[in-house]
Amino acid sequence: MIKILSYLSILLFLLSGVSGFAQVAEISSPDGRLKLNIFSENGKALYNVTFQGKMMLDKSPLGLITNESDFSKNLKFINSKKDQISKNYTNEKIKKSQISYTANTLTVNFVNEDQFNIGIEFQVSNNNLAFRYEILPMKDRLSAVVQSEITGYRFPSQTTTFLSPMMKPMTGFARTAPSYESGYKADAELGTKADYGYVFPGLFHIGNDGWILLSETGVNSLFCASHLDTTSEKIFTRLLIRIWLKTMVSEVPELLFRFREKHHGELLRLEIL
């Protein structure tokens, strides 16, 4: 009996020890080949992406920081909701003018230590994944400054990149840089730093497993400039407006949050090729 109780104690200890690491939601594309998994680990929201069973994005961070509250840590998973979206539209400026779009949607909701909520809405269609943040009003606060995003992309180690570095600011014609993309570096080593980051879109070659095209979509003139950077852990992160532009458009970060709060923000798109 003593041995049985000891084994039960050890089992309970192990189960409680892993409670901080949990997959909380998942969703697949309509054809079932593209799969998204959401995790809640030690107060942080993470996600990964597989395509036909192959890892395209390892566990990567989600979240953002505002001047009103921090949505990057001490997050607690609340619930998730699945749905489906389908629409038809025309576009005369691309190869196919009649478009039929169908995607499965997943919204995961977290609450932070200040008891403010953040939702992350994902759309998963065949070969495509997009997501955006949704922040509800925080008591009497209807707007806030988005100071930084924690959103990251941890590509598998065999990945090489096709990226265009940001130009040095206040250079080029009429000192307008960074106003356009420079040349692309083909098959560069994963994690290679650029002095000022990289512009969108970015193309990533996942060895023999496929390709990922990373870009923004759904933005309007109220949305501030953003670009990619890479950390020492070789995680690509999304940076908002650079400090040298802040005095010129100091109201944009606040407008950005109002836009997100009202219209659910922009979609960040991953296309699996």
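Everything here concerns the structure above.
Analysis parameters
Residues numbered from 1 in each chain as written. Predicted model: local features only at pLDDT ≥ 70, side-chain atom pairs only at ≥ 80, totals over all residues. Heavy atoms only, no water. Helix = DSSP H or I, 4+ residues; strand = E, 2+ residues; numbered from the N terminus. Buried < 20%, exposed > 50% of the residue type's maximum accessible area, 1.4 Å probe, protein only. Contact = heavy atoms within 4.5 Å. Areas by Shrake-Rupley, 256 points an atom, 1.4 Å probe, with all protein chains shown as cover. Pairing = 2+ DSSP bridges. Salt bridge = Lys/Arg side-chain N within 4 Å of Asp/Glu carboxyl O. Polar contact = N/O pair within 3.5 Å; in protein donor to acceptor, adjacent residues only side chain to side chain.

All right, on to the overall build of the chain then. What the chain contains, in helices and strands, is two helices and 18 strands. Here the chain, with 273 residues, has 44% of them falling under the buried criterion. Relative to all contacts within the chain whose residues are 6 or more apart in sequence, the contacts with residues 24 or more apart total 59%. Carbon together with sulfur atoms contributes 54% to the accessible area of the chain, which is approximately 15,000 Å² in total.

Glancing now at the sheet that holds strand β11 (residues 152–153). With respect to topology, three strands assemble into an open sheet ordered β11-β17-β16, the strand pairing being antiparallel. In the strand order of this sheet, the two ends are held by β11 and β16 (227–230), each with one partner. Pairing geometry for β16 and strand β17 (residues 236–239), over four bridges, is antiparallel. Residue pairing in the sheet places Leu 228 in a bridge with Arg 238 of β17.

This brings us to the pattern of salt bridges. Pairing of side chains with opposite charge becomes possible as their charged atoms draw close. Tallied over the entire structure, the rule returns seven salt bridges. For Glu 68, the salt bridge is made with Arg 141, and the minimal N-O distance between the two is 3.4 Å. Taken together, the positions of Glu 68 in the loop between β5 (64–66) and β6 (76–90) and Arg 141 in the loop between β9 (128–135) and β10 (146–149) put the pair 73 residues apart, joining distant regions of the chain.

On to the environment of Val 124. Locating Val 124 in the fold gives a position in strand β8 (residues 117–125). Separated by 88 residues in the primary sequence, Val 124 and Leu 36 place their C-alpha atoms 7.9 Å from one another. Once you skip the residues sitting within four places of it in the chain, Val 124 turns out to touch Ile 27, Ser 28, Ser 29, Pro 30, Leu 34, Leu 36, Ala 103, Asn 104 and Leu 129.

Moving on, we come to unusual backbone geometry. Outside of glycine, negative phi angles account for most residues, and trans bonds account for most peptide bonds. Of note, the amide linkage connecting Phe 200 to Pro 201 takes the cis form, showing an omega dihedral of -5°. Relative to the assigned elements, Pro 201 resides in the loop between β13 (185–189) and β14 (202–205). With a phi close to 55°, Asn 74 is a non-glycine residue in the positive phi region. Among the structural elements, Asn 74 can be located in the loop between β5 and β6. You will see that Ala 174, though not glycine, has its phi angle at about 55°, which is positive.

What follows concerns the environment of Asn 91. Its place among the elements puts Asn 91 in the loop between β6 and β7 (98–111). Excluding residues that lie within four positions of it along the chain, Asn 91 makes contacts with Lys 96 and Ser 97. Engagement of the side chain of Asn 91 in a polar contact is seen with the backbone nitrogen of Lys 93, the distance being 2.9 Å.

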